[in-house]
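A structural walkthrough
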Amino acid sequence: QGKGLFATKNIRKGETVFVERPVVSSQFLWNALYNYRACDHCLRALETAEENAQRLLGKSSLVLPHPEQCSIRKDLHQQCPRCQVTYCSAECRQAALEQYHQVLCLGPSRDDPTHPLNKLQEAWRNMHYPPETSSIMLMARMVATIKQAKDKEWWIKAFSQFCSKTANEEEEIVHKLLGDKFKGQLELLRLLFTEALYDEYLSRWFTPEGFRSLFALVGTNGQGIGTSSLSQWVHACDALDLPMLQREELDAFIDQLYKDIEKESGEFLNCEGSGLYVLQSCCNHSCIPNAETSFPENNFLLHLTALEDIEAGEEICISYLDCCQRERSRHSRNKILRENYLFTCSCPKCLAQADDADVTSDEEEEGEGETDDAELEDEMTDV
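Residues numbered from 1 in each chain as written. Predicted model: local features only at pLDDT ≥ 70, side-chain atom pairs only at ≥ 80, totals over all residues. Heavy atoms only, no water.

Regarding helix 9 (residues 229–238)
Since one α-helical turn is 3.6 residues long, residues separated by three or four positions face the same way. What counts here: Three labels apply to residues, based on accessible area from a 1.4 Å probe with only protein chains included: buried if under 20% of the type maximum, exposed if over 50%, partly exposed otherwise in between. Only DSSP runs of H or I reaching four residues or more are called helices, and only runs of E reaching two or more are called strands; each is numbered from the N terminus. Starting at the helix axis, one direction is taken to each C-beta atom, and the arc is that of these directions. Note on contacts: a residue pair qualifies if any of its non-hydrogen atoms lie within 4.5 Å across the two residues. For the purposes of these results, a polar contact is taken to be a pair of N or O atoms within 3.5 Å, where, inside protein, one atom must be able to donate a hydrogen and its partner to accept one; residues adjacent in sequence count only when each atom of the pair is a side-chain atom.
When helix 9 is considered as a whole, its buried residues turn out to be S229, L230, W233, V234 and C237. The buried residues of helix 9 occupy one face: seen down the axis, they fall within an arc of 145 degrees. Residues of helix 9 that are buried in the fold lie against helix 2 (49–57), strand 7 (223–227) and helix 10 (244–265). The N-capping residue of helix 9, defined by a side-chain oxygen 3.3 Å from the backbone nitrogen of L230, is S228.

Looking at the sheet that holds strand 10 (residues 291–294)
Rules: In short, DSSP must find at least two bridges between two strands for them to pair. An axis is simply a line fitted to the C-alpha atoms; with a helix, the fit covers only the stretch in contact. Between two such axes, the angle follows the N-to-C directions and lies from 0 to 180 degrees.
If you trace the three strands from one edge of the open sheet to the other, you get 1-11-10, paired in antiparallel fashion. The open sheet terminates on both sides in strands that have one partner only, identified here as strand 1 (16–20) and strand 10. The mean inter-strand angle of the sheet, taken between neighbouring strand axes irrespective of direction, is 20 degrees.

Section: unusual backbone geometry
Phi is positive for L43, close to 65 degrees, though the residue is something other than glycine. With respect to the helices and strands, L43 occurs in the loop between helix 1 (30–33) and helix 2. Exposure remark for L43: the relative accessible area of 1% places this residue in the buried category. Its identity is not glycine, yet N298 carries a phi of approximately 60 degrees, on the positive side. Looking at where N298 falls in the secondary structure, it is placed in the loop between strand 10 and strand 11 (302–306).

Overview of the packing of aromatic side chains
To describe a pair of aromatic rings, one takes the distance between the centres and the angle between the planes. Let me state the cut-off plainly: For this analysis, a ring pair means two rings from Phe, Tyr or Trp (six-membered ring only for Trp) whose centres lie within 6.5 Å, classed as stacked if their planes differ by under 30 degrees, edge-to-face if by over 60, and tilted for the remaining angles.
Taken as a whole and assessed by the stated rule, the structure comprises eleven aromatic pairs. Here F193 and F211 contribute two aromatic rings whose centre-to-centre distance is 5.3 Å and whose plane-to-plane angle is 50 degrees, an arrangement assigned as tilted. Note that F193 is positioned in helix 7 (residues 183–197) and F211 in helix 8 (residues 208–221), a separation of 18 residues in sequence. Grouping residues by exposure puts F193 and F211 together as buried.

Here we look at the packing of helix 5 (residues 135–148) against helix 6 (residues 152–160)
As a reminder of what qualifies: Roughly parallel refers to an angle under 35 degrees, roughly antiparallel to one over 145, roughly perpendicular to one between 65 and 115, and oblique to any angle outside these ranges. With the far helix as reference, a near helix turned anticlockwise by less than a right angle produces a left-handed crossing, and one turned clockwise produces a right-handed crossing. Under this grouping Gly is polar, as are all residues other than the nonpolar Ala, Val, Leu, Ile, Met, Phe, Trp, Tyr, Cys and Pro and the charged Asp, Glu, Lys and Arg.
Two numbers describe how helix 5 lies on helix 6: the axes approach to 8 Å, and their chain directions differ by 155 degrees. Considering the angle they form, helix 5 stands roughly antiparallel to helix 6. The chirality of how helix 5 crosses helix 6 is right-handed. Together, M142, T145, I146 and K147 of helix 5 and K152, W155, I156 and F159 of helix 6 make up the contact between the two elements. Of the residues contributing to the contact of helix 5 with helix 6, the split by class is five nonpolar, one polar and two charged.

Some details on the confidence of the model for the protein chain
To keep things clear, this is the line we draw: Here pLDDT means the predictor's own confidence in every residue, given as a number from 0 to 100.
This prediction gives the protein chain a mean pLDDT of 86; 86% of its residues lie at or above 70. Per-element mean pLDDT across the protein chain ranges from 40 in helix 16 (residues 372–377) up to 98 in helix 3 (residues 90–104). Counted against residues more than four places away or in other chains, residues 366–383, with its pLDDT under 50, gives 44 contacts.

Structural notes on the packing of helix 3 against helix 5
One can describe the packing of helix 3 onto helix 5 by two numbers: an axis separation of 7 Å at closest approach and a directional angle of 105 degrees. Considered as vectors, helix 3 and helix 5 are oriented roughly perpendicular to each other. Side by side, helix 3 and helix 5 meet where L97, E98, Q99, Y100, H101, Q102, V103 and L104 of the first sit next to A140, R141, A144, T145, K147 and Q148 of the second. Here the residues of the contact of helix 3 with helix 5 are counted per class, giving six nonpolar, five polar and three charged.

Remarks on helix 10
Under the convention used in this document: Helix span, expected: 1.5 Å multiplied by one less than the number of residues in the helix.
Over its 22 residues, helix 10 runs 31 Å from end to end, which matches the ideal 32 Å to within 8%, given 1.5 Å per residue. When we look at burial in helix 10, the residues that qualify are R247, L250, I254, L257 and I261. The buried residues of helix 10 occupy an angular sector of 90 degrees when the element is viewed end-on, so they sit on one face. Summarising the geometry of helix 10, the exposed residues directed more than 90 degrees from the buried face are M244, L245, E249, K259 and K263. Buried residues along helix 10 sit against helix 2 and helix 9.

See the structure below:
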């Protein structure tokens, strides 16, 4: 779990506890192959709400009403002149260049499958089918950030704030990505990672033990990030002051749009990625959380919002599970938490259900053996 975060003042339900920028973030490698387009630095969606809906619906003729409610400014978009990676603004292009992109820029080798960075990314993509995680590129950006930094020790200390425990020896739990099943793949990744990014100053990160520790750091601390120009447009439309008939027509249009998109594309709707957040990583888990994370600015800025009144001195807890997972049995919830975060939950809900039988929920039993691995790949903070 995290180190624990406690309220320093009374916080009311619905109030923003804090807004935080990640130390480092990255979008999923599969985004590009699915024609998802997000800023390569802040993960802001690059397509308009209408383009977003057209792609998800597979219908290029779709026209959204109230296009003025879309906040995407294509006139501000910029590309890296060497590798054509796209950013939402000059500010993001410059920020990426100054922090890590000089090391990671592929230049004219962007489409060369033999380039070490491309080999590393392709190996990771082949191990993690969508919805895919972004561990390997978070790690690459960590290394690149330190390689570019003037004050390398400052950044090493920044990353050392995150827990990098690979196992819970007390209960003999090993993180799912570091188990026997993954050992061969992990060594292949380490060799490719070393070929692409080795740095003498960080040599310990490239040893088998150091690489496992780095993997555990992003695996247990990474926060999923979801951005969507369509959802931003919907929120903006919800705030419009319209006559009753127009409001009903617009609401009906949006409801039908989401139903049609779900039929066509399923639930994997956002431009997605993950990041490392210092404050968020301090928050412990509860199956009945009093706060939740969101990304209302359509970029990597994380907002932590109170779900109920929180008194000064009270611990602020989030859920490492999504809504559906929290409704499963105590045994099912803890199975996911042990494999992904190396702890057994003792929140009030789990303690109240301590005498329940150790059986998985009906939903898990129905798919036992078929979807277990897929479900574990799709946790809220999988990276």
